[in-house]
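Structural features, examined
As a plain string of letters, each chain reads:
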Amino acid sequence: MRYASAFALLSVVALLCFSGEAQGQDWARKMFDTTKHDFGVVAKDSKTTVDFVFTNKYVEDVHVASVRASCGCTTPIIVNNDVKTWEKGVIRAQFNTDRFTGQRGATITVTFDRPFFAEVQLRVDGYIRSDLVFNPGEVEFGTIDQGVPTTKQIDVVSFGKANWKIQDVRSVSDYLSVQILNENRQNGKVTYRLGVNLKESAPAGYLQNQLTIVTNDPALTNVPILVTGRVQPSLTVSPQSLHLGDLKPGEASTKNLVVKSKAPIRIAEIVCGNRNVSFKFDPQKQAQLHVIPVTLTGSDAAGKVLERIMIRTENGAEASFDLSATIFEAETAPAVAIDTPINK
């Protein structure tokens, strides 16, 4: 307790020393991978979004207070308000193609209120074509089980050009393929029905990919279609980030990890490169739910502990989680300034 209090006091002192730079707001801008995005030319009613990702590189928690857009053509969304050290936050910008057409753009202002006040401006631009419509606005697979192939359909409708054609549909993902199921031409309206296939090789996790329609229209050669969904893994671990607290050398901390599977499984091994981390599990136990105590014993070396740990079952399924902790020196706690990135 004495060491935690000392660390908290020194952290406050570091924050006060850093307040001058914090008011300059550079600390907030440095967290973002990028601050601009051009959607290019998109179809009316298409689902058009971009995620601006930022990483908290600092000791203190970061909190997003609000977001606002300079134009109604864009709706900004805070995906997660509170972001801890080395966690990622997301500001999602949605282009409102259902209500606007033509050249559009917006400046998104992101306001942080912790650990200091700061504002970061993001920019999106694009051109919304009114003569090209998607129905539905995106290819949405929803939540599906890993290893199960799935197909969704989408209609691409062009108005006013009787000779309009889709020449190709391209994907940057090996696990997505597209077929033209139907083509209809009537009174200057051209409709293509596409079948989008998600293969069984799709990895677990969230899908946010893009298909590109190649047309014979020189003013709109490439048209993007958003593909979203979530491939649910056969094996899940909770929590994904296990924090074991602040430890002195020789002190131990234990927390439980929960491993779930749709079918009964046996845990074959847990791979970790830190010899001070130990696990309790029965390799002979076959169940859908495993509760595994994870213990970290503080080493003599002070500093942050960050480990990626892999769990493998006897049938080859894998899942990973991150373990973190802080080891203090025996007598004094180190002071870490907020503007000093923590080395992983």
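Residues numbered from 1 in each chain as written. Predicted model: local features only at pLDDT ≥ 70, side-chain atom pairs only at ≥ 80, totals over all residues. Heavy atoms only, no water.

**Looking at the pattern of salt bridges**
Summed over all chains, the structure comprises 18 salt bridges. A salt bridge links Lys47 to Glu138, with the shortest nitrogen-to-oxygen separation between them at 3.0 Å. Taken as a pair, Lys47 in the loop between strand S1 (36-44) and strand S2 (48-55) and Glu138 in the loop between strand S8 (118-135) and strand S9 (139-145) lie far apart in primary sequence, 91 residues in all. Since its relative accessible area comes to 32%, Lys47 is described here as partly exposed. Between Arg92 and Asp51 there is a salt bridge, with its nearest N and O atoms 2.7 Å apart. On the criterion of sequence distance, the pair formed by Arg92 in strand S6 (residues 88-95) and Asp51 in strand S2 is long-range, its members being 41 residues apart. Overall, the relative accessible area of 25% leaves Asp51 in the partly exposed class. Salt bridges sharing partners connect three or more residues here, namely Arg129, Asp131, Lys161 and Asp217. (Salt bridge = Lys/Arg side-chain N within 4 Å of Asp/Glu carboxyl O. Helix = DSSP H or I, 4+ residues; strand = E, 2+ residues; numbered from the N terminus. Buried < 20%, exposed > 50% of the residue type's maximum accessible area, 1.4 Å probe, protein only.)

**Comments concerning the nonpolar core**
Ranked by size, the top nonpolar core spans 29 residues in total, and within it Trp27 and Phe112 carry the most contacts. When contributions to this core are tallied by element, the ones reaching two or more residues are helix H2 (26-29), S1, S2, strand S3 (62-69), S6, strand S7 (102-114) and S8. By residue number, the principal contributor to this core is S8, which donates five residues. Counting residues in hydrophobic clusters, the runner-up holds 27 residues, among them Leu132, Val139, Tyr175 and Val223. (Core = buried A, V, L, I, M, F, W, Y, C linked by side-chain atoms within 4.5 Å.)

**Re the layout of surface pockets**
Here the idea is plain: a probe the size of a water molecule rolls over the atoms and shows the empty space left. Of the volumes computed, that of the second largest pocket is approximately 520 Å³. Along its surface, the second largest pocket is lined by 16 residues, and Gly205, Pro233, Val237, Gln240 and Ser320 are the ones closest to its centre. At the level of elements, strand S14 (205-215), strand S15 (222-232), strand S16 (235-238), strand S22 (303-313) and strand S23 (318-327) are the ones that each hand at least two residues to the lining of the second largest pocket. For the lining of the second largest pocket, the leading source of residues is S23, giving five residues. Residues of the lining of the second largest pocket, tallied by class, amount to eight nonpolar, four polar and four charged. (1 Å grid on protein atoms, 1.4 Å probe; cavity = no way out; pocket = protein on both sides within 12 Å on 5 of 7 lines; lining within 4 Å. Points joined across faces, edges and corners; volume = space filled by probe spheres on them. Nonpolar A, V, L, I, M, F, W, Y, C, P; charged D, E, K, R; others polar.)

**As for the packing of aromatic side chains**
According to the stated counting rule, one finds eight aromatic pairs in the structure shown. With a centroid separation of 5.1 Å and an interplanar angle of 40 degrees, the aromatic rings of Phe32 and Phe54 are classed as tilted. Placement of Phe32 in the loop between H2 and S1 and of Phe54 in strand S2 is noted, with a sequence separation of 22 residues between them. Take Phe32 and Phe54: they sit in the same class, and that class is buried. (Phe/Tyr/Trp six-rings, centres within 6.5 Å; stacked < 30°, edge-to-face > 60°.)

**A word on empty space enclosed by the protein**
Scanning all chains against the criterion turns up two cavities of 30 Å³ or more. As a volume, the largest cavity reaches approximately 50 Å³. Lining the largest cavity, in full, are Arg129, Asp131, Leu132, Ser158, Phe159, Lys161, Trp164, Asp217 and Leu220. Listed by contribution, the elements that provide at least two residues to the lining of the largest cavity are S8 and strand S10 (150-159). Looking at which element gives the most residues to the lining of the largest cavity, the answer is S8, with three residues.

**A short note on the environment of Asp155**
Its place among the elements puts Asp155 in strand S10. For Asp155, a relative accessible area of 13% puts it in the buried group. Separated by 20 residues in sequence, Asp155 and Asn135 have C-alpha atoms that sit 5.1 Å apart. With sequence-adjacent residues up to four places away left out, Asp155 is seen in contact with Val133, Phe134, Asn135, Thr191, Tyr192 and Arg193. One polar contact links Asp155 to Arg193, side chain to side chain, over a distance of 2.8 Å. (Contact = heavy atoms within 4.5 Å. Polar contact = N/O pair within 3.5 Å; in protein donor to acceptor, adjacent residues only side chain to side chain.)

**Some words on the pairing of S22**
Bridge count for strand S19 (residues 267-271) against S22 is four bridges, and the pairing is antiparallel. Within the sheet, the bridge partner assigned to Glu269 lies in S22 and is Arg312. Pairing of S22 with S23 involves 10 bridges; the strand directions are antiparallel. Following the sheet pairing, Lys304 is matched in S23 by Thr326. In sequence, S22 turns back onto S23 through a hairpin of four residues, with Gly316 there showing a positive phi of about 95 degrees. (Pairing = 2+ DSSP bridges.)

**Remarks on the environment of Thr49**
As for its position among the elements, Thr49 is in strand S2. Sequence-wise, Thr49 and Thr75 are 26 residues apart; in three dimensions their C-alpha atoms are separated by 9.4 Å. Those residues in contact with Thr49, other than ones at most four positions away along the chain, are Phe39, Arg92, Ala93, Gln94, Gln208 and Leu226. A polar contact of 3.4 Å, which involves the side chain of Thr49, links it to the side chain of Gln208.

**Here's the deal with the confidence of the model for the protein**
Averaged over all residues, the pLDDT of the protein is 87; the fraction at 70 or higher stands at 89%. Note on residues 1-23: pLDDT under 50 across the span, and 32 contacts to partners over four residues away in sequence or across chains. In the predicted structure, residues 332-337 sits below a pLDDT of 50 and forms 12 contacts with residues beyond four places in sequence or in another chain. (pLDDT = per-residue confidence, 0-100.)

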